Amino acid sequence: MRFGILGPLEVTGAAAPTDGGREPSYAPQAAKLRVVLGTLLIRANEVVSVECLIDELWPDAPPRTATTTLQVYVSHLRKTLQSADPEGGREALVTRRPGYLLRVGADAVDALAFEDLSRRGHQALQASDFAAAADLQRRALALWRGPLLSDTPHGPVLEGAAVRLAEARTTALDERIRAELHLGLHRELVAELQELVAEHRMHEEFHTHLMVALYRCGRQAEALRVFTALRQTLVEELGIEPGPASTRLQRRILEGDPALTRAGGRAVGPGAGTTAARAGAPAGTGRSPGHDEPAVDVAGTGAGTAGWSAAPGALPAADPCFTGRAEELNRLERMVRSAPAGGCVAVTGMPGAGKTALAVEAAHRVADAFPDGRLYLDLRDGAGPGLPPGAQSVLERLLPTSAGPGAAPADGAPQPPRVLLVLDGVGSETQVRPLLPALRGAVVLLVARRVPAGLPGLRSVLLGPWHPDEAQRLVGLFTGRAGTRPGTLGGTAALDAGPGLGPDTVAEIAELCGRLPLAVRTAAAQLAARPHWTAAVLADRLRDEAGRLDVLRTGDVDVRARLLDAYEACAEPQRRAFRLLSLLPPGRFGARQAAAALDLTEARASAALEALADERLVAVDRDGCHLPELLRLLAVERLALEDPPEVVRAAAERVCRAYAAAAAAEPGRVSDSGARGLVRLARTAYGAGLWALAVRLTDALAGWVADDGEAVYALALDAARRCADRSAQARMGRSLGELAWQYRRVEQAHELFSGALELAREAGDEEEAARAQVGLAELCLDAGESAAAAALLEPALAALSAPGRTRGRYEASRARALLALAHEGPESARAWFGECLELAGALRDQRLEVYALRSLRALSLPPEGGSGRASRAVEIRPGLWRIHPAGVPT
């Protein structure tokens, strides 16, 4: 049995080839099954957790019955594998806590074979065995039939694997071409390289390979045109020049360097030989031919500029663990390169976002644009609003005369040096404005929490948390091998990060840290300082919201203290607003919700939010506002410490009433994030003794169930008892009965449904009594007692036909459809499912509509199909299946 994932999914077995010579394929046809099998193959011979598979199947919103549905998929896959390999296929997929493991041989998956061949090819290249290297990489590349699992939907695991393997394929292609250039196959490579540079317009190494190949074919002018096209692309699209290696190669082609015509030389391509040349690496170490000279200094420090030195206030060394921020870094680099002399660019953002690290990284990257050097000055070193000690001597080196920084240069003064000045810790524009007239030759890169408004021509980059898609690339921070520079592992560190420290675990830790760079790096330092901790222990400690900021403190780095500095720098009205906003559920909110928390009009609440956004205590975008996660936890702490309990209770009541009213305005239409917010507020209301509000907020969930759903409804049931609301007690009891039924606690479900029916009748609540009868009818259906189910459903349907009871009528019709499917045949069931479809449309509930459509389609399928589907499985609720149902013919 063999598997192919480098292209569309393929599964082949031991069966004889067909008449056409092709082996029969056993690849699943259903997309969800391909997702599960593809994920298990990407992590072949590893345990893949149930949670990981669920996230891959339903990245946005897994159904409540995700675990049960996954078990159905795994059962299907075992049958598929048994068909492919009757002797051992079924045993290949085993259940292993906390998930599943697919056992395959090293040569059974084309991706594993590709990585093995590519690794051996790389080793051969390093050993200067160019013939073997070319052959091995050629065989590795031949395994690719298209993009990874191109016929399969990608979740986070498959998307990450696709990126990783695509990069590995590009590397293998590059190394194959390098080896073939060493072998003198330049004529054969020209056409392929022309296609590659057309496809990879900014890949410098392919361009330099083509330049060498063309030059060796005697086509010098065409080789130079390749460089010109590369430069034009990089300048127009990124605002950068080609790298030093590409530029050196162009110069050597212009000079007609005869060494370029010989195969078997040294590196061709950016970064391929720079480090090794500086270290005195010998020739023929696997790098492409053509470059024999040592690397030149391109640091841009001005060492060759007479009469000027950048030693005082020198730029800090680049952070070796700088990770991510590709989009922001590229944007900042373009701004700095394009800034005119005397121009200003600012990096702003919330505390701990890594503003200084980004500015320093950008300053190192633009070295070639500032031949006279780059300076760094931290304005936080001063005791007052003026310049810190030592700043004068640094600034004097930027001025044409010895006049102070407030004096402008006189007419006819010597041209000032072309310098980049990084000003860190800028508190306001008043620190910077007096310096600008004198710095006519410098570009100023400011680092500040607020935007220093009032500076002419200022352009800025706003820095927030890491992007979600960067979270799984942070493994290197926890292994000590982070970074994006040549020679560092960066995101690929996950390949051997150690047990328990994979991308999924790191991504969870990053989310718990709000993806704030300072917090994630502090968490990594905690793990490094405590060898007895595992990543799981760290994640578990961070899950506790009350103690999370305590965990994020190590040595002299304290995330809470850094956030507190920003909080204490605000005026008291802003601090009070910040504290009260912590009563809102996590996630986005608008001016209406903020107005409830702050007890203000919407207009004044909007102004308060803008003021907090200026202080970087609230994040604002076009979709609304939100408190960044760790700032939210700080606000919760300060609220408990600084505000009287009666103030907090009154604000909590206003917030709960506002959210309950908003939910009541659109009954039954709640998103997953909105439902989680309602659950949190229901707990808040219960804790504050606001019993009726706790019930209203739980009612607004409209049947949505969290992971701890039983606890939520149990609190609401207790709240209903405390406010003596029998109808509410019946609703909460019925909801708990439905949960008990789904968890197969049938006796408990029967007790809860019966109790709810009794309470509803005592309260005179006809609708709730009917819905409890529907629950009891479903229990009877489960037990094969169809007559009893029919007797319960008949009065329930009659009661729920009254106006305003659409949702209850939908549930009763669904149960009636299942009864018809069991005893009356498909036509009767089709009529009832058709009514479900109409009712779901009236409710504007897409999930229920899709379920009704799915059920109607299932009625049109033959009882037994050739696809091997589980024909005895019946979907009794959206995403909830009954396998081998008692009393239901299939």
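Now for a quick tour of the structure.

What counts and how
- Residues numbered from 1 in each chain as written.
- Predicted model: local features only at pLDDT ≥ 70, side-chain atom pairs only at ≥ 80, totals over all residues.
- Heavy atoms only, no water.
- Helix = DSSP H or I, 4+ residues; strand = E, 2+ residues; numbered from the N terminus.
- Contact = heavy atoms within 4.5 Å.
- Phe/Tyr/Trp six-rings, centres within 6.5 Å; stacked < 30°, edge-to-face > 60°.
- Buried < 20%, exposed > 50% of the residue type's maximum accessible area, 1.4 Å probe, protein only.
- Lys NZ or Arg CZ within 6 Å of the ring centre and 35° of its normal.
- Pairing = 2+ DSSP bridges.
- Axes fitted to C-alpha atoms, helices over the stretch in contact; angles between N-to-C directions.
- Parallel < 35°, antiparallel > 145°, perpendicular 65-115°, else oblique.
- Left-handed = near helix turned anticlockwise from the far one by under 90°.
- Nonpolar A, V, L, I, M, F, W, Y, C, P; charged D, E, K, R; others polar.

Digging into the environment of Val50
So, point 1. Checked against the element boundaries, Val50 lands in helix α2 (residues 50–57).
So, point 2. Distance from Val50 to Tyr100, taken between C-alpha atoms, is 7.3 Å for residues 50 residues apart in sequence.
So, point 3. What Val50 contacts, discounting residues up to four positions off in sequence, is Thr67, Leu70, Pro98, Gly99 and Tyr100.

Let's talk about the packing of aromatic side chains
So, point 1. Inspection of the entire model under this criterion finds 5 aromatic pairs.
So, point 2. Between Tyr567 and Phe578, the ring centres sit 5.7 Å apart and the planes meet at 45 degrees, which makes this aromatic pair tilted. One end of the pair, Tyr567, is in helix α21 (residues 559–568); the other, Phe578, is in helix α22 (residues 572–581), with 11 residues separating them in the sequence.
So, point 3. We classify Tyr567 as buried; its relative accessible area is 2%.
So, point 4. Using a relative accessible area of 0% as the deciding quantity, one classes Phe578 as buried.
So, point 5. In this arrangement the basic side chain of Arg169 is found over the ring face of Trp144, its NZ or CZ atom lying 5.7 Å from the centre.

Considerations on the sheet that holds strand β4 (residues 93–96)
So, point 1. In spatial order, the strands read β3-β5-β4; together these 3 strands make up an open sheet with antiparallel pairing. In this open sheet, the two edge strands, each paired with only one partner strand, are β3 (47–49) and β4. The sheet shows a mean angle of 30 degrees between the axes of neighbouring strands, taken without regard to direction.
So, point 2. One ladder, built from 3 bridges, connects β3 with strand β5 (residues 99–102); its direction is antiparallel. Bridge pairing in β5 links Ser49 to Gly99.
So, point 3. Running at roughly 65 degrees to β3, α2 makes contact with β3 and β5 of the sheet.

Let's talk about the sheet that holds strand β6 (residues 344–349)
So, point 1. Taking strand neighbours across the sheet as the criterion, the 5 strands line up as β7-β8-β9-β6-β10 in an open arrangement whose pairing is parallel. The open sheet has two edge strands with one neighbour each: β7 (374–378) and β10 (459–463). Ignoring which end each strand starts from, the neighbouring axes of this sheet average 15 degrees apart.
So, point 2. By the bridge criterion, 6 bridges tie strand β8 (residues 419–426) to strand β9 (residues 442–448) in an arrangement that is parallel. Bridging across to β9, Leu421 finds its partner in Val444.
So, point 3. Its contacts with the sheet place helix α13 (residues 326–338) against β6, β8, β9 and β10, and it is angled at close to 165 degrees to β10.

Overview of the packing of helix α30 (residues 726–742) against helix α32 (residues 766–782)
So, point 1. Running from N to C, α30 and α32 cross one another at 20 degrees; their axes reach a closest spacing of 10 Å. Relative to α32, the element α30 is oriented roughly parallel. For the crossing formed where α30 meets α32, the hand is left-handed. Across from Ser727, Ala730, Arg731, Arg734 and Trp741 in α30, the residues of α32 making contact are Glu768, Arg771, Ala772, Glu778, Leu779 and Asp782.
So, point 2. Looking at the contact of α30 with α32 residue by residue, the class counts come to 4 nonpolar, 1 polar and 6 charged.

Geometry only, nothing functional implied.
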